[in-house]
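Examining the three-dimensional arrangement
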Amino acid sequence: MISRRKFLAVGSLAGASVLSGNKSFGKTMDDSVLTGSPIVISTWDFGIAANAAAWQILKNNGRALDAVETGVHVPEADLNNQSVGYGGLPDRDGRVTLDACIMDEFGNCGSVAALEHIIHPISVARRVMEKTPHVMLVGAGALQFALEQGFKKKNLLTPSSEKAWKEWLKTAKYNPEINVENRLFSPAKLPGNQYNHDTIGMLALDASGNMSGACTTSGMAYKMHGRVGDSPIIGAGLYVDNEIGGATSTGVGEEVIRNVGSFLVVELMRQGYSPDEACKEAVMRIIRKKPETAKQIQVGFLALNKKGQFGGYAIQKGFSFAVCDNNDQKQLIKSPSYY
Ligand code: ASP
């Protein structure tokens, strides 16, 4: 009989370490699998700080659901982060509208879309999941529910995001560019050059072997008022199946929704794909369906399976993700990409 150690080593060889060509990537995967220890992964460079908050819960044998909620609070509350929560870039009418969803190990899920004035949309999404018979609340209804639940109203439009919006109004061109936030702002203005990216999607596996995920964003900068992206859509921006694993996405949400991206990644893992193979195949679906569109946009997927193996893949260069486990609390990985 093939040993667990051997099986896992083979599994990871077929997975991220070979496809990414990144040695430490493969090593970390093996280690987390062999120790059975918790792990949390999340999108973009700002995932490092978010993972650190989630890790405080995971390392104390806390629940993955609490870890992902606490983890994504970090970018949500960070007013220097112009793509998530407080300080997020507004829509074309100057309104900051937030999208978020959360999913637990039992397949329960909650979501809010186009929510205004609340710093932590992920926590409102969790309340939708836990306190209502519904999955999704939007706009004014989501705000009404949040206020009933005791969340406080706040102006989320910071002076720097308002300034950026007024600058944008001069041409008012909406064109979802590749890694759009990179071009809209001078990174030099942002602390550490690390807060100029998109959605945070986070997946965590806890010490009990249970998985949860969270996804939260202010969405595409200068979108039409009322536009909802992939991030609060269960199956598009986030999907978790505690038997198989989870996936999350970032980038142009319309293409992720059209392909039900995160659900697709999880279903591919169910068929035996490793996390990075599954992310790659989901990206390839988007490219095959609309090759001309795909040249112009960014979409990235991130996945974690129940063995603790992880992987990511993007259309364009520039997508990164953060990994935190017992072996390395601050690992940042450059995702492989099609272009
Ligand atoms: N996926 C998000 C949206 O479409 C934005 C992003 O991740 O850049 O709203």
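Use the structure listed above.
Residues numbered from 1 in each chain as written. Predicted model: local features only at pLDDT ≥ 70, side-chain atom pairs only at ≥ 80, totals over all residues. Heavy atoms only, no water.

**What to know about the overall build of the protein chain**
Helix and strand counts for the protein chain stand at 13 helices and twelve strands. A buried classification covers 59% of the 339 residues belonging to the protein chain. A separation of at least 24 residues holds for 66% of the contacts in the protein chain among residues at least 6 apart in sequence. Taken as a whole, the protein chain presents about 13600 Å² of accessible surface, with 53% of it coming from carbon and sulfur. (Helix = DSSP H or I, 4+ residues; strand = E, 2+ residues; numbered from the N terminus. Buried < 20%, exposed > 50% of the residue type's maximum accessible area, 1.4 Å probe, protein only. Contact = heavy atoms within 4.5 Å. Areas by Shrake-Rupley, 256 points an atom, 1.4 Å probe, with all protein chains shown as cover.)

**Digging into the side chain of Ser 212**
The topology assignment puts Ser 212 in strand 6 (residues 211-217). Of note is the side chain of Ser 212, whose polar atom sits 3.3 Å from the backbone nitrogen of Leu 65. Residue contacts for Ser 212: discarding those within four places in its chain leaves Ala 64, Leu 65, Val 68, Met 103, Asp 104, Glu 105, Met 202, Leu 203, Ala 204 and Val 240. (Polar contact = N/O pair within 3.5 Å; in protein donor to acceptor, adjacent residues only side chain to side chain.)

**What to know about the site of the ligand**
Near the ligand the following residues occur: Asp 198, Thr 199, Gly 219, Met 220, Arg 227, Gly 229, Asp 230, Ser 231, Thr 250, Gly 251 and Gly 253. Taking Thr 250, its side chain carries an N or O atom lying 2.8 Å from an oxygen atom of the ligand. At 2.9 Å, a backbone N or O of Gly 253 approaches an oxygen atom of the ligand. Protein contacts shield 99% of the accessible area of the ligand, which totals 270 Å² for the unbound molecule. (Near = heavy atom within 4 Å.)

**Focus: the pattern of salt bridges**
Under the definition given, this model contains 15 salt bridges. The residue Arg 95 makes a salt bridge to Glu 116 at a minimum N-O spacing of 3.0 Å. On the criterion of sequence distance, the pair formed by Arg 95 in the loop between helix 5 (64-77) and strand 2 (98-103) and Glu 116 in the loop between strand 3 (109-115) and helix 6 (121-131) is long-range, its members being 21 residues apart. (Salt bridge = Lys/Arg side-chain N within 4 Å of Asp/Glu carboxyl O.)

**Thoughts on helix 7 (residues 139-148)**
For helix 7, the complete set of buried residues consists of Ala 142, Leu 143, Phe 145 and Ala 146. Looking down the long axis of helix 7, one finds its buried residues gathered within 160 degrees of arc, a one-sided arrangement. Residues of helix 7 that are exposed and angled more than 90 degrees away from the buried face: Ala 140, Gln 144 and Glu 148. Summarising the contacts, the buried residues of helix 7 are in contact with strand 3, helix 6 and strand 4 (136-138). With its phi angle positive at about 95 degrees, Gly 150 sits one or two positions after the end of helix 7. (Arc of directions from axis to C-beta.)

**Concerning a nonpolar patch on the surface**
A contiguous nonpolar surface patch, about 230 Å² in accessible area, is contributed by Val 135, Met 136 and Val 138. For Val 138, the position within the fold is in strand 4. For Val 138, a relative accessible area of 49% gives the class partly exposed. (Patch = residues over 30% accessible without salt bridge, like charges linked within 9 Å, V, L, I, M, F, W, Y side chains within 5 Å.)

**Digging into helix 5**
Compared with an ideal rise of 1.5 Å per residue, which puts 14 residues at 20 Å, helix 5 spans 20 Å between its outermost C-alpha atoms and is within 8% of the ideal. Buried residues of helix 5: Ala 64, Leu 65, Ala 67, Val 68, Glu 69, Gly 71, Val 72, Pro 75 and Glu 76, and no others. For helix 5, the elements touching its buried residues are helix 4 (47-58), strand 2, helix 6, strand 5 (200-205) and strand 6. (Expected span 1.5 Å × (residues − 1).)

**Regarding the packing of aromatic side chains**
Taken as a whole and assessed by the stated rule, the structure comprises six aromatic pairs. Seen in terms of ring centroids, Trp 168 and Tyr 222 are 4.7 Å apart; in terms of plane orientation they differ by 20 degrees. Their pairing is stacked. Separated by 54 residues along the polypeptide, Trp 168 in helix 8 (residues 159-169) and Tyr 222 in the loop between strand 6 and strand 7 (238-241) bring together distant segments of the chain. The exposure class of Tyr 222 is buried, given its relative accessible area of 3%. For the ring pair Phe 310 and Phe 321, a centre distance of 6.4 Å and an interplane angle of 80 degrees mean the geometry is edge-to-face. (Phe/Tyr/Trp six-rings, centres within 6.5 Å; stacked < 30°, edge-to-face > 60°.)

**A few points about the sheet that holds strand 8 (residues 245-251)**
Here four strands make up an open sheet; going across it, the order is 7-8-9-10 and the pairing antiparallel. Looking along the sheet, the strands with just one partner apiece sit at the ends: strand 7 and strand 10 (310-314). Taking the axes of each pair of neighbouring strands and ignoring which way they run, one obtains an average angle of 10 degrees across the sheet. Sheet topology places strand 9 (residues 299-305) next to strand 10; five bridges connect them, and they run antiparallel. What sits directly across from Gly 300, in strand 10, is Ala 314. Relative to strand 8, helix 11 (residues 261-270) is tilted by about 145 degrees, and along the sheet it contacts strand 7, strand 8 and strand 9. Contacts between helix 12 (residues 275-289) and the sheet are confined to strand 9 and strand 10, with strand 10 contributing the most and set at about 20 degrees to the helix. (Pairing = 2+ DSSP bridges. Axes fitted to C-alpha atoms, helices over the stretch in contact; angles between N-to-C directions.)

**Comments concerning the environment of Tyr 273**
Tracing the backbone through its elements, the reader meets Tyr 273 in the loop between helix 11 and helix 12. A sequence separation of 32 residues divides Tyr 273 from Asn 305, and the C-alpha atoms of the two residues are 10.0 Å apart.

**Topic: the pairing of strand 5**
In terms of residue burial, strand 5 counts as a mostly covered element, since six of its six residues are buried. Burial of the side chains of strand 5 extends over both faces: Ile 200, Met 202 and Ala 204 are buried on one face and Gly 201, Leu 203 and Leu 205 on the other. When strand 5 meets strand 6, the two strands line up antiparallel, connected through six bridges. Among the inter-strand pairings, Gly 201 is bridged to a residue of strand 6, identified as Cys 215. Between strand 5 and strand 6, which follow one another and run antiparallel, lie five residues, and Gly 209 among them has a positive phi close to 85 degrees.

Read these as geometric descriptors, not functional statements.
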